[in-house]
Amino acid sequence: MKKLSIMPTILLTMLCWVSCKKKETAAPTTTNWTISASDLAEANQANGDITKQNDGPLVKYQVSTAYIQPLSGNTHVFKLYFTSQDSLTCYVEKLTQDFNYHSDAASGQNKLAMVVFNQDTLQLKSSAISIQPRTDQNKFHTVSNLHSQSKGDYNGTVNEVPLIGQ
């Protein structure tokens, strides 16, 4: 009977050990951005533009609001709203401390998972976004270099992008 009472303790110990091991090797979470979460109101301070080219006339989209927000696990959304009422939404998976996110990332690298312009999901060629923390501002500096199969290219720089909490 005493052997049976030890079993739950052994199982609990093993579960705790496995859980701790998973945490040691888990990918970084939003706290690894080195930027503290801000209020959504700070998204209005973002500035910059994205130029669309190689699909009809050149169009420059002026940013009115931008932010980065965690979704689940290591997935984050980088959302840009423009003064033209258009929007660009980039979904990234943060797996390393590197600043760059590639559409053709290898396993274990930061990934640019999906990009949506307004309501159209872009089929990407080799593309990248750089999301660089500016700890002195508690904001990000971003550089987009997006190339779609049939909807043109979206390139530009956006500054003072806050990290918004969930």
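Residues numbered from 1 in each chain as written. Predicted model: local features only at pLDDT ≥ 70, side-chain atom pairs only at ≥ 80, totals over all residues. Heavy atoms only, no water.

S.K.: Could you clarify how one ought to interpret the overall build of the chain in this entry?
M.R.: Of regular secondary structure, the chain possesses one helix and ten strands. The order of helices and strands in the chain, counted from the N terminus, is α-β-β-β-β-β-β-β-β-β-β. Put simply, the chain has 166 residues, and 37% of those count as buried. Residue pairs at least 24 apart in sequence account for 47% of intrachain contacts in the chain once pairs closer than 6 positions are excluded. For the chain, the exposed area adds up to about 9500 Å²; of that, 53% sits on carbon and sulfur atoms. (Helix = DSSP H or I, 4+ residues; strand = E, 2+ residues; numbered from the N terminus. Buried < 20%, exposed > 50% of the residue type's maximum accessible area, 1.4 Å probe, protein only. Contact = heavy atoms within 4.5 Å. Areas by Shrake-Rupley, 256 points an atom, 1.4 Å probe, with all protein chains shown as cover.)

S.K.: So what exactly am I meant to see when it comes to the pairing of strand S10 (residues 153–161) here?
M.R.: Two faces, one strand: in a regular strand the side chains alternate between the faces of the sheet. Pairing geometry for strand S1 (residues 47–53) and S10, over seven bridges, is antiparallel. From the neighbouring strand, Asn47 faces S10, where its bridge partner is Asn159. For strand S9 (residues 139–147) and S10, the ladder comprises seven bridges, and the chain directions are antiparallel. Among the inter-strand pairings, Phe140 is bridged to a residue of S10, identified as Val161. With antiparallel pairing between neighbouring strands as the criterion, S9 and S10 make up a hairpin whose turn holds five residues, including Gly152 at a positive phi of roughly 90°. (Pairing = 2+ DSSP bridges.)

S.K.: In this structure, what is going on with the packing of aromatic side chains? I would like to understand it.
M.R.: Think of a pair of aromatic rings as described by two things: how far the centres are apart, and how the planes are tilted against each other in angle. Counting across every chain of the model gives five aromatic pairs. Where Tyr61 meets Phe82, the ring centres are 5.2 Å apart and the plane angle is 40°; that geometry is what we call tilted. On the criterion of sequence distance, the pair formed by Tyr61 in strand S2 (residues 59–72) and Phe82 in strand S3 (residues 75–82) is long-range, its members being 21 residues apart. Three or more aromatic residues joined by ring pairs form one cluster here, namely Tyr61, Phe82, Phe117 and Tyr154. Lying across the ring of Trp33, Lys94 places its NZ or CZ 4.5 Å from the centre. (Phe/Tyr/Trp six-rings, centres within 6.5 Å; stacked < 30°, edge-to-face > 60°. Lys NZ or Arg CZ within 6 Å of the ring centre and 35° of its normal.)

S.K.: Can you help me understand unusual backbone geometry in this one?
M.R.: Only a minority of non-glycine residues have a phi that is not negative, and only a minority of peptide bonds are not trans. Non-glycine residue Thr34 carries a positive phi angle of around 65°. Mapping Thr34 onto the fold places it in the loop between helix H1 (2–25) and S1. For Asn138, which is not glycine, the phi dihedral falls at a positive 55°. Note that Asn138 resides in the loop between strand S8 (128–134) and S9. What makes Asn138 partly exposed here is its relative accessible area of 25%.

S.K.: What am I meant to see in the pairing of S2 here?
M.R.: Alignment of S1 against S2, held across four bridges, turns out to be antiparallel. Across the sheet, the residue bridging to Ile50 is Tyr61, located in S2. Where S1 hands over to S2, the hairpin turn is made up of five residues, of which Asn54 adopts a positive phi near 65°. Of the pairings in the sheet, the one linking S2 to S3 comprises eight bridges and is antiparallel in character. Of the residues in S3, the one forming a bridge with Val63 is Phe82. Remark: two residues form the turn of the hairpin made by S2 and S3, two consecutive strands paired antiparallel; Gly73 in that turn has positive phi of roughly 55°.

S.K.: How should I be thinking about the side chain of Thr65 in this particular structure?
M.R.: Within the element layout of this structure, Thr65 appears in strand S2. Engagement of the side chain of Thr65 in a polar contact is seen with the side chain of Asn44, the distance being 3.0 Å. Once residues within four sequence positions are removed from consideration, Thr65 is found in contact with Ala43, Asn44, Lys79, Leu80 and Tyr81. (Polar contact = N/O pair within 3.5 Å; in protein donor to acceptor, adjacent residues only side chain to side chain.)

So far we have only geometry, and geometry alone does not tell us how the molecule works.
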